[in-house]
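Report on the structure
Chain by chain, the residues:
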Amino acid sequence: MSQSPAGRLTPEMRTSAFYASFFTGSGAAVMFLPIWLSGQGITPEQIGIINAVPIVVILLFNLVIGRVADRARDWRQVIVIGALIGGIVPIGLFFVNEFWGILLFWTLACLPGGAVGPVLDAATMRLARRNGTDYGVMRAWGTVGYMLFNGLTGYLVVWYGAGVFVPLFVGMAIVRALVALQLPAFRVPAEQKTISAVTEAPAAGRLRDVAKPWFILPLLGFCMIFATHIVLNAFGSLLWKEQGIPENIIGPLIALGSASEAAMMFLWKRFGGKISARVVMLISAGAAALRWCVMGLEPGVGVLILLQLSHGITFAIGYLGCVHFIANWTDESIAAETQSLFVVGQQLLTVMSVIGFGWVVQGFGAHAFFAAAAMAVLGGVCIWVSLQLRPAKAK
């Protein structure tokens, strides 16, 4: 019997392909969703609600989905089901053109991807540990897909008009669902041992075993660091425009940050395993504090290029450090649930930051980045305290 095309690909290649499709819809939405909504007669206040409600709903489901995934025969089942639902529901966007209908279907379209994202990260990390391969490379393809459709959407809208957005978003959701069908099994077979880093203690099989300050503090700290990047995502282009930076420069500046993120993820294995995960997270905190301090000084384009290139340090290595930290200290039985808990923390801090920094930006403009720098320092302090409570060795 001939082997299937998927069977000729390694599990890592199949997972990378899914990551490449996973964030394409998000890349298109970041580029054009507000403009499309405005064209439908949606007010700025309503646009804010349409963006915020999916985050709140995902928050309510993350931990539940993580727990269900951990109890399933394999994490793949939950990921595939989520992708299939996510491929069908967005079709409803073709049939709505007013606020309540768009809010309903946009929320339902965002929910599956947001809920299974932490499960995918946890499953991919365990796959990498089992085979001795690189989680960072697989995850990097997600950023590549995001960048590709972030830029491509702009050109497609110019060529075909605003009406191309919904078909593009729905089409990519369907592609993601189809690519999910070829995902490999992620669980470690009973007869096969996982290849992993040297550990200081047995991995925890219950959340209560790691619900301690030394474990929670570094994750909380990076959630703060993560949230500071939302200030840039939400207000960066507006603040740069007010500084007199042309729009044709702002786009490439944003893309440069994503390119730096992807590059750092591809290079992670060369140095990531040689440094404790929490030390890596601490480096991320320090770099973020410096980045936002300089950005608050309203520098020129040359300096902004360097600051955007630092995104791989301020975000990518910190995020990878967190994922490795969780995998180092938790068993497969709570892998997805713990990763989901981490993502819930990110989302909560994100919502608080978008609301809080909205007021700060309105009153202080680019100087709001100084507040972001202070928040990054506070996150670094949390990580440092964890290191004092339980010093790093192999992890």
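Everything here concerns the structure above.
Note that the structure is predicted; figures quoted are calculated from it, not measured.

**Here's the deal with the overall build of the chain**
Assigned secondary structure in the chain consists of 15 helices and 0 strands. For 395 residues, the compact-globule estimate of 2.2 N^0.38 gives 21 Å, and the C-alpha radius of gyration of the chain, at 21 Å, lies within 12% of that figure. Projecting the C-alpha coordinates of the chain onto the three principal axes gives extents of approximately 60 × 55 × 35 Å. When each of the 395 residues of the chain is scored for burial, the buried share is 52%. Within the chain, contacts between residues at least 6 apart in sequence are counted, and of these 87% link residues at least 24 apart.

**Topic: unusual backbone geometry**
Leaving glycine aside, a negative phi is the common case for residues, and trans is the common case for peptide bonds. Positive phi, normally seen in glycine, also occurs at Glu 298, with a value near 55°. Here Glu 298 is to be found in the loop between helix 11 (277-295) and helix 12 (301-309).

**Here we look at the side chain of Ser 258**
In this fold, Ser 258 is placed in helix 10 (residues 247-267). Sequence-distant contacts of Ser 258, defined by excluding residues within four places in its chain, comprise Thr 143, Tyr 146 and Met 147.

**Considerations on the packing of aromatic side chains**
Counted by the stated rule, this structure contains 17 aromatic pairs. When the ring of Phe 226 is compared with that of Phe 315, the centres are 5.9 Å apart and the planes differ by 45°; the resulting orientation is tilted. Here the residue Phe 226 occupies a position in helix 9 (residues 213-242), and Phe 315 occupies one in helix 13 (residues 311-329), the gap between them amounting to 89 residues. In this structure Phe 226 comes out as buried when scored by relative accessible area, which is 17%. When the centroid spacing of 5.8 Å and the interplanar angle of 25° are considered together, the rings of Phe 315 and Tyr 319 count as stacked.

**A few points about a nonpolar patch on the surface**
Side chains of Leu 84, Ile 88, Ile 91, Phe 94, Phe 95, Ile 174, Leu 178 and Leu 181 sit close together on the surface and give an oily, nonpolar patch of about 790 Å² of accessible area. Elements that contribute at least two residues to the nonpolar patch include exactly helix 4 (75-88) and helix 7 (165-180). Topologically, Phe 95 is positioned in the loop between helix 4 and helix 5 (99-131).

**Remarks on the packing of helix 11 against helix 15 (residues 368-389)**
Orientation of helix 11 relative to helix 15, taken along the N-to-C sense of each, is 165°, at an axis distance of 8 Å. Viewed along their axes, helix 11 and helix 15 adopt a mutual orientation that is roughly antiparallel. Seen along the crossing, helix 11 lies across helix 15 with a hand that is left-handed. Across the interface between the two elements, Arg 278, Met 281, Leu 282, Ala 285, Ala 288, Ala 289, Trp 292, Cys 293 and Met 295 from helix 11 touch Phe 369, Phe 370, Ala 372, Ala 373, Ala 376, Val 377, Gly 380, Ile 383, Trp 384, Ser 386 and Leu 387 from helix 15. Residues belonging to the contact of helix 11 with helix 15 are distributed by class as follows: 17 nonpolar, 2 polar and 1 charged.

**As for the nonpolar core**
Formed by 82 residues in total, the largest nonpolar core has its most connected members in Phe 18, Phe 222 and Trp 292. Take this core: its biggest share by element is 15 residues, from helix 9. Setting aside chain neighbours within four positions, we find Phe 222 in contact with Met 281, Ser 284, Thr 314, Phe 315, Gly 318, Tyr 319, Cys 322, Phe 342 and Ile 383. Counting 26 residues, the second-largest nonpolar core is a separate cluster that includes Ile 47, Leu 93, Ile 102 and Leu 168.

**With respect to the packing of helix 5 against helix 13**
Interaxial distance between helix 5 and helix 13 falls to 10 Å at its minimum, and their mutual angle equals 70°. Viewed along their axes, helix 5 and helix 13 adopt a mutual orientation that is roughly perpendicular. Where helix 5 abuts helix 13, its residues Asp 121, Met 125, Arg 126 and Arg 129 lie against Tyr 319, Val 323, His 324, Ile 326, Ala 327 and Asn 328.

**Observations regarding the environment of Leu 232**
Within the fold, Leu 232 resides in helix 9. When its relative accessible area of 11% is taken as the criterion, Leu 232 is described as buried. A sequence separation of 92 residues divides Leu 232 from His 324, and the C-alpha atoms of the two residues are 26 Å apart. Apart from residues no more than four positions distant in its own chain, Leu 232 is found in contact with Ser 237, Trp 240, Arg 291, Trp 292, Met 295, Gln 308 and Phe 369.

**Side note on the environment of Ile 313**
Here Ile 313 is to be found in helix 13. Its relative accessible area of 31% is what places Ile 313 among the partly exposed residues. It is 7.7 Å that separates the C-alpha atoms of Ile 313 and Ile 283, two residues lying 30 residues apart in sequence. Among all residues touching Ile 313, those that are not within four sequence positions of it are Met 264, Ile 283, Ser 284, Ala 287 and Gly 318.

**Observations regarding the side chain of Gln 347**
Secondary-structure assignment places Gln 347 in helix 14 (residues 335-364). On the basis of relative accessible area, Gln 347 is assigned to the buried category, the value being 14%. Not counting residues up to four positions away in its chain, the partners in contact with Gln 347 are Ile 55, Ile 58, Leu 59 and Asn 62.

**Let's talk about the pattern of salt bridges**
Within the structure shown, the criterion is met by 1 salt bridge. Where Glu 337 meets Arg 67, a salt bridge forms, and the shortest distance between an N and an O atom there is 2.7 Å. Of this pair, Glu 337 sits in helix 14 while Arg 67 sits in helix 3 (residues 44-71); the two residues are 270 residues apart in sequence, bridging distant segments of the chain. A relative accessible area of 44% places Arg 67 in the partly exposed class.

Thresholds, definitions, all that
- Residues numbered from 1 in each chain as written.
- Predicted model: local features only at pLDDT ≥ 70, side-chain atom pairs only at ≥ 80, totals over all residues.
- Heavy atoms only, no water.
- Helix = DSSP H or I, 4+ residues; strand = E, 2+ residues; numbered from the N terminus.
- Rg over C-alpha atoms; globule rule 2.2 N^0.38 Å.
- Buried < 20%, exposed > 50% of the residue type's maximum accessible area, 1.4 Å probe, protein only.
- Contact = heavy atoms within 4.5 Å.
- Phe/Tyr/Trp six-rings, centres within 6.5 Å; stacked < 30°, edge-to-face > 60°.
- Patch = residues over 30% accessible without salt bridge, like charges linked within 9 Å, V, L, I, M, F, W, Y side chains within 5 Å.
- Areas by Shrake-Rupley, 256 points an atom, 1.4 Å probe, with all protein chains shown as cover.
- Salt bridge = Lys/Arg side-chain N within 4 Å of Asp/Glu carboxyl O.
- Axes fitted to C-alpha atoms, helices over the stretch in contact; angles between N-to-C directions.
- Parallel < 35°, antiparallel > 145°, perpendicular 65-115°, else oblique.
- Left-handed = near helix turned anticlockwise from the far one by under 90°.
- Nonpolar A, V, L, I, M, F, W, Y, C, P; charged D, E, K, R; others polar.
- Core = buried A, V, L, I, M, F, W, Y, C linked by side-chain atoms within 4.5 Å.

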